[in-house]
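Coordinates in review
This is what each chain is made of:
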Amino acid sequence: MQFDPMTGEPIEEQQNEENVQFDPMTGEPIGQAAQEEQPIGGFDPMTGEPIGQAAKEEQPTGGFDPMTGAPVTQKPKSKVPVVVGAVAGVVVLVVLLVFGGIKSGLFLGKSGKVLLAANNTLKKMPHFVETLEPMLGLVEDEFTVEFSAKAEGVKIGGSFINASKQKQVTAKLEYGGESIEGLAGVDSNSLKFQVPDLSKKLFVYNYKKENSGYIVDLIGDEYIDTLNSSLEQLVSGSKDTDKAQKDVTNVVMKELKSLKFQSAAKEEFTVNDKDVMCKGYTTTITGANIWNIIDGSYQAMLDNYQSVGEAVDVLDSYGEIESELSYLEDELDNMEDIVVTFYIYKNQLAAIVVEDEDFEDDLQLCFEGGDYRLQNITFKSGSYRISMKGSDDGTKEKFKLREKYGTDAYDIGSFEYNYESGKYKIEVDGEVLSGKLYKEGRTLNLSIDGQYDIPDMDFAFTRGAKLQKFSGDEFDIGNADADDLYDLVDDITDELSDFDYLIDLF
């Protein structure tokens, strides 16, 4: 039985059109007749909600608003987020596959696979090599090198400060409670130096200006010009060095890219104490390849270093360089081709084999692995061997270099490095060198324990440069006359008399 939503009265269900009843409020047929008359639906005039079959079609699973009793319309869920998610998932998968393929060398040519294997082999290095990282600063624009040495009560120290626009050198000598120190520097215009203990003056030589003093007459115009160009080169050297390095690198890379690689038969080598089959890639190096690198690098040096060009001009006046280069080119033209094969195992180098008709036996450099591929290395040629055996106990790494020819074998040397304390020991033919090697931030500290004729020495290599300030009244060396210079020498000689210990030392 159904009930009228407005009156709550029961509505009788009729099975035929003769007994049709109507809603007293709306005049609309109710019951079965309503369903038959409105097969495609309709809307409740009070609520605006669909009734009858239309409601059923829109809401196949039903459901009613708890406040109105009207059926609730449920829209079908959009498939767009699913599609977008699926596409994103496919994109991520493709990226991962491509990245993995690149790392594994899947998409690289034969030369690319060799370069990738070489790069992977060099990624993991001994701890002492990783500690030396600040030394890379020595090829950058700004770095500082400090040193000190002590022996028999004498201490000598100083530093070299390399900034982008200025270079400085400091020095200090201590003995018997007394000391003397100085500072010198060169920038884009002048050379300056001072020794406050000997003179309150700041000595300046303006090498970019015209100088007409007594020192020019004393030294001579030719040597003055050489001095001026050398000072200029010293300041601009870092920029020239960067450019020269890039040019030389481009020369080498261009020649390497010209090499053609071919697949070679698989060979068996020992890696991580196991005999494994390794893929091989072969290339041929000719005398022309070597000459192109030598000649290209030489031209890069000439293009970037004025001082090199000047030295070449002097030597070429005698025909020495031209003659040597011509001889070298002829020798390389007659050189037999060198066949080099790179063997790869798990995307790292397992061996490099060099074949040449001039060699009685092939040369093999084998990377035998361990904790990392470079830990154990052996060089082989016939029955001759040189091996480096390494180990690491978690605190200290050890390396031993051993030579063997036939049945004869002996140790060449050994190296131990405690990478927690920084202590190291090098032993060669019974001679021992020890000290400490450790890194502090941007600074590498190296100490050498003194023994026999070697004094205690300390070095510090730091990335970055902090220049020191000059002080004192300027004395123009380049334009000073003879009287001024002789008076200066007399004044310094008088001051030196207070440092008798210097005479005793030297």
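This text gives an overview of the structure that appears in the document. If you're wondering where the values come from, they're calculated on a predicted model, not measured in any experiment. (Residues numbered from 1 in each chain as written. Predicted model: local features only at pLDDT ≥ 70, side-chain atom pairs only at ≥ 80, totals over all residues. Heavy atoms only, no water.)

**Some remarks on the overall build of the chain**
A tally of helices and strands in the chain yields 12 helices and 24 strands. Among the 506 residues that make up the chain, the fraction classed as buried is 31%. In the chain, the proportion of contacts linking residues at least 24 apart, taken out of those at least 6 apart, comes to 40%. (Helix = DSSP H or I, 4+ residues; strand = E, 2+ residues; numbered from the N terminus. Buried < 20%, exposed > 50% of the residue type's maximum accessible area, 1.4 Å probe, protein only. Contact = heavy atoms within 4.5 Å.)

**Considerations on the pairing of strand S10 (residues 201-205)**
Here S10 lies mainly inside the structure; 4 of its 5 residues are buried. By the bridge criterion, 3 bridges tie strand S9 (residues 191-194) to S10 in an arrangement that is antiparallel. Its bridge partner lying in S10, Leu191 is registered against Tyr205. Two strands pair when backbone bridges link them, and S10 and strand S24 (residues 473-476) are joined in this way by 4 bridges, in the parallel orientation. By the bridge assignment, Phe203 is partnered in S24 with Phe475. (Pairing = 2+ DSSP bridges.)

**Some points on a nonpolar patch on the surface**
On the surface, Leu218, Ile219 and Tyr223 cluster together into a nonpolar patch covering about 340 Å² of accessible area. Following the sequence through the fold, Tyr223 ends up in helix H7 (residues 221-257). (Patch = residues over 30% accessible without salt bridge, like charges linked within 9 Å, V, L, I, M, F, W, Y side chains within 5 Å. Areas by Shrake-Rupley, 256 points an atom, 1.4 Å probe, with all protein chains shown as cover. Salt bridge = Lys/Arg side-chain N within 4 Å of Asp/Glu carboxyl O.)

**Re the pairing of S9**
Alignment of strand S8 (residues 178-187) against S9, held across 4 bridges, turns out to be antiparallel. Across the sheet, Val186 pairs through a bridge with Leu191, a residue of S9. Taken together, S8 and the strand that follows it, S9, pair antiparallel across an intervening segment of 3 residues. Remark: 6 residues form the turn of the hairpin made by S9 and S10, two consecutive strands paired antiparallel.

**Considering the side chain of Asn445**
Position of Asn445 among the secondary structure elements: in strand S22 (residues 443-448). Looking at Asn445, its side chain comes within polar contact range of the side chain of Glu440, at 3.3 Å. Sequence-distant contacts of Asn445, defined by excluding residues within four places in its chain, comprise Lys436, Leu437, Tyr438, Glu440, Phe459 and Ala460. (Polar contact = N/O pair within 3.5 Å; in protein donor to acceptor, adjacent residues only side chain to side chain.)

**Some thoughts on a negative patch on the surface**
Where like charges cluster on the molecular surface, the negative patch consists of Glu181, Asp197, Asp481, Asp483, Asp484, Asp487, Asp490, Asp491, Asp494 and Glu495. Top contributing element to the negative patch by residue count: helix H11 (residues 482-496), with 7 residues. Looking at the element boundaries, Asp483 is found in helix H11. Taking the relative accessible area as the measure of exposure, Asp483 reaches 56% and is therefore exposed. (Lys, Arg positive; Asp, Glu negative; His and termini not counted. Charge placed at Lys NZ, Arg CZ, Asp CG, Glu CD.)

**Details of the packing of aromatic side chains**
What the rule picks out here adds up to 11 aromatic pairs. A ring pair is formed by Phe415 and Tyr417, whose centres lie 6.5 Å apart and whose planes are at 15°; its orientation type is stacked. For the pair Phe415 and Tyr417, one class covers both residues: buried. One aromatic cluster is present, formed by Phe128, Phe399, Phe415 and Tyr417 through successive ring pairs. In this structure, Lys436 is placed above the aromatic ring of Tyr438, and the distance from its NZ or CZ to the ring centre is 5.4 Å. (Phe/Tyr/Trp six-rings, centres within 6.5 Å; stacked < 30°, edge-to-face > 60°. Lys NZ or Arg CZ within 6 Å of the ring centre and 35° of its normal.)

**Regarding the layout of surface pockets**
Each pocket or cavity is described by its volume, and for the second largest pocket that value is around 410 Å³. Forming the walls of the second largest pocket are 18 residues, and the residues nearest its centre are Leu115, Leu256, Leu259, Phe261 and Phe342. Secondary-structure elements contributing two or more residues to the lining of the second largest pocket are helix H4 (110-123), H7, strand S12 (274-285), helix H8 (287-304) and strand S13 (338-345). Among the residues forming the lining of the second largest pocket, the class breakdown is 13 nonpolar, 3 polar and 2 charged. (1 Å grid on protein atoms, 1.4 Å probe; cavity = no way out; pocket = protein on both sides within 12 Å on 5 of 7 lines; lining within 4 Å. Points joined across faces, edges and corners; volume = space filled by probe spheres on them. Nonpolar A, V, L, I, M, F, W, Y, C, P; charged D, E, K, R; others polar.)

**Concerning the state of the cysteines**
If you walk through the whole model with that rule in mind, you get 0 disulfides. Not part of a disulfide, Cys278 finds its nearest cysteine sulfur in Cys366, a span of 9.5 Å. On the basis of relative accessibility, which here comes to 0%, the residue Cys278 falls in the buried class. Owing to a relative accessible area of 3%, Cys366 belongs among the buried residues under this scheme. (Disulfide = S-S within 2.5 Å.)

**Notes on the nonpolar core**
One finds Phe342 and Leu349 to be the most contacted residues of the largest nonpolar core, which totals 26 residues. Breaking this core down by element, the ones donating at least two residues are H4, strand S5 (143-151), S13, strand S14 (348-355), strand S19 (408-418) and S22. If one sorts the elements of this core by residue count, S13 sits on top with 4 residues. Apart from the residues lying within four places of it in its own chain, the contact partners of Leu349 are Ala117, Ala118, Thr121, Phe342, Tyr343, Ile344, Phe367 and Arg373. Phe269, Cys278, Tyr343 and Val353 belong to the second-largest nonpolar core, a separate cluster that totals 10 residues. (Core = buried A, V, L, I, M, F, W, Y, C linked by side-chain atoms within 4.5 Å.)

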